[in-house]
Amino acid sequence: MSRLCESSADRISHLPDDVMQRILSFLPVKDAARTATLSKQWRHNWRANTQLVFDGDFGEISKEGSYDSNASKLMFQICKALMVHDGPITKFVLEIPGLRRPSPDINHIVHFLAKKGVQELALIFSDDGINGGNPMIEREMPSALFSACQLSSLILRDCDFSVAPSWFLGFSKLTHFELANVNVESSFYRDFLPNCPLLQDLKLFICDSDVGGYHRKAELVAPSLKVFESNVWNVRFKHTPLLSVVSISPVNDPEDCEQSGFHVYNPDIAAVLGSLPAIQELVVGLELLLFFASGNVPCILPTHLHHLKVLELHYILLHRISEARVLLCLITSSPNLQRLLILSGAGDTLPENEVIDSLQLLLLGAEDHSTASCFQCLQELSLKEVLGTRVELDLLRFVLETAPLLRRIFIRPAKELETSKSHKFLKEMTRYKRASKEAEIIYFWNDEADT
């Protein structure tokens, strides 16, 4: 009878090992480690836990005293927990608040994880002003990382990517790679990425100062790559036959962006986009937009973007001729476009020879092809930071009159647009003919735009 009561009171301890490890994987590391004191069975289950996450629930770097001393104490606790760990570790996340830079301890940890066959690894550092906001002495990533040949997912934040050693043969199983606020050498594109043959998802966000130098030629060779998100505007897609999503976000504040570095590379929109045969979603940030606009922009690309369904342009000045040409080139070259988002930029002090009052001037100048057929598949248009200009009205009229499948138009006016001008803008827009009977216009007034 006593055995029956004991069994009924502790059913969890008698679950299969794989179920116990699954339960522990959802607990914070500190709580999971405490279960080791319950019994020998629980001690075994903790040591066999395959997914370890050391984050704010485990601890944080104290703001009092020496940073190096406080960081070493916390690293010692992590190393102590790892030393009693039996079995493989498939996932390891290090995201301790206040941990500002890699250290020898972290290099030892990564070396230990590599022997354990770690598959998913995230090393997330931050410089949040601890110890008076002193700058980081060293940001170089742990060199032992190159020995973790079983990696399928790697996330690095706030560190510098090292040059791969000569013995490194690549990450043959890596499919997801994310770098944020990092610096990379040219060898990263030339030597490292080509040795990741299965890489499908790459997020690469370089430090602003590094991107702004305009001094590195970034050529992507990634035969399996499908998603590329970055702030590197000067990237060239040398061999990316499967790449379907490209998002180049802006680096600088729109008002601070200069075009002085664009001449270093040949600003050829046809060459850049012509090497993306599978592109389905394209987000063009400020620098990439200005890069395209500084070169020769044809009315239509030699190679159509037949698979492109989603197009976003950020901080575009529609009344600037060069930028308006980029927009028209993209939409006329994308016969199957379904969704278009345009975020207007601020720029009222353009030279007169760069400004157009009406988009119709460019539309009429495109005599070699039919612009009336470029919105045959468009279903949704979003205009943000609308200034109430004639150019914007021309674009809206063009879309409404030529998009037979259009369902919705979302319009968010700029905060500086007066209410009276908003009313006038909306009134004129609602008078335009519509090729689609289902098309509706959703206008967000300034008090609604923030919701």
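All values derive from a computational prediction rather than experimental measurement. (Residues numbered from 1 in each chain as written. Predicted model: local features only at pLDDT ≥ 70, side-chain atom pairs only at ≥ 80, totals over all residues. Heavy atoms only, no water.)

Engineer: Teacher, can you tell me more about the overall build of the protein here?
Structural biologist: Tallying secondary structure elements over the protein gives 16 helices and 16 strands in all. Across the 451 residues of the protein, 48% fall into the buried class. Within the protein, contacts between residues at least 6 apart in sequence are counted, and of these 73% link residues at least 24 apart. A total accessible area of about 21900 Å² is found for the protein, and carbon and sulfur atoms account for 50% of it. (Helix = DSSP H or I, 4+ residues; strand = E, 2+ residues; numbered from the N terminus. Buried < 20%, exposed > 50% of the residue type's maximum accessible area, 1.4 Å probe, protein only. Contact = heavy atoms within 4.5 Å. Areas by Shrake-Rupley, 256 points an atom, 1.4 Å probe, with all protein chains shown as cover.)

Engineer: Is there a simple way to think about the pairing of strand S12 (residues 310–316) in this case?
Structural biologist: The side chains of a regular strand alternate, residue by residue, between the two faces of the sheet. Of all 7 residues in S12, 6 are buried; the element is thus mostly enclosed. The sheet contact formed by strand S11 (residues 281–284) and S12 spans 4 bridges and is parallel. Each residue of the ladder has a partner; that of glutamate 281, found in S12, is valine 310. (Pairing = 2+ DSSP bridges.)

Engineer: Would you take a moment to explain the pattern of salt bridges for this structure?
Structural biologist: Any two side chains of opposite charge can pair, given that their charged atoms come close. Counted under the stated rule, the structure contains 7 salt bridges. Arginine 190 is the partner of aspartate 191 in a salt bridge, and the nearest nitrogen-oxygen pair spans 3.2 Å. Owing to a relative accessible area of 52%, arginine 190 belongs among the exposed residues under this scheme. Note that lysine 238 and glutamate 219 form a salt bridge whose closest N and O atoms lie 3.7 Å from each other. Taken as a pair, lysine 238 in strand S9 (residues 235–239) and glutamate 219 in strand S7 (residues 218–221) lie far apart in primary sequence, 19 residues in all. In this structure glutamate 219 comes out as partly exposed when scored by relative accessible area, which is 24%. (Salt bridge = Lys/Arg side-chain N within 4 Å of Asp/Glu carboxyl O.)

Engineer: Teacher, can you tell me more about the environment of glutamate 178 here?
Structural biologist: Residue placement: glutamate 178 occurs in strand S5 (residues 176–182). Between the C-alpha atoms of glutamate 178 and leucine 202, which are 24 residues apart in sequence, the distance is 5.9 Å. Setting aside chain neighbours within four positions, we find glutamate 178 in contact with Leu154, Ile155, Leu156, Arg157 and Lys203. For glutamate 178, the side chain forms a polar contact with the side chain of arginine 157, separated by 3.4 Å. (Polar contact = N/O pair within 3.5 Å; in protein donor to acceptor, adjacent residues only side chain to side chain.)

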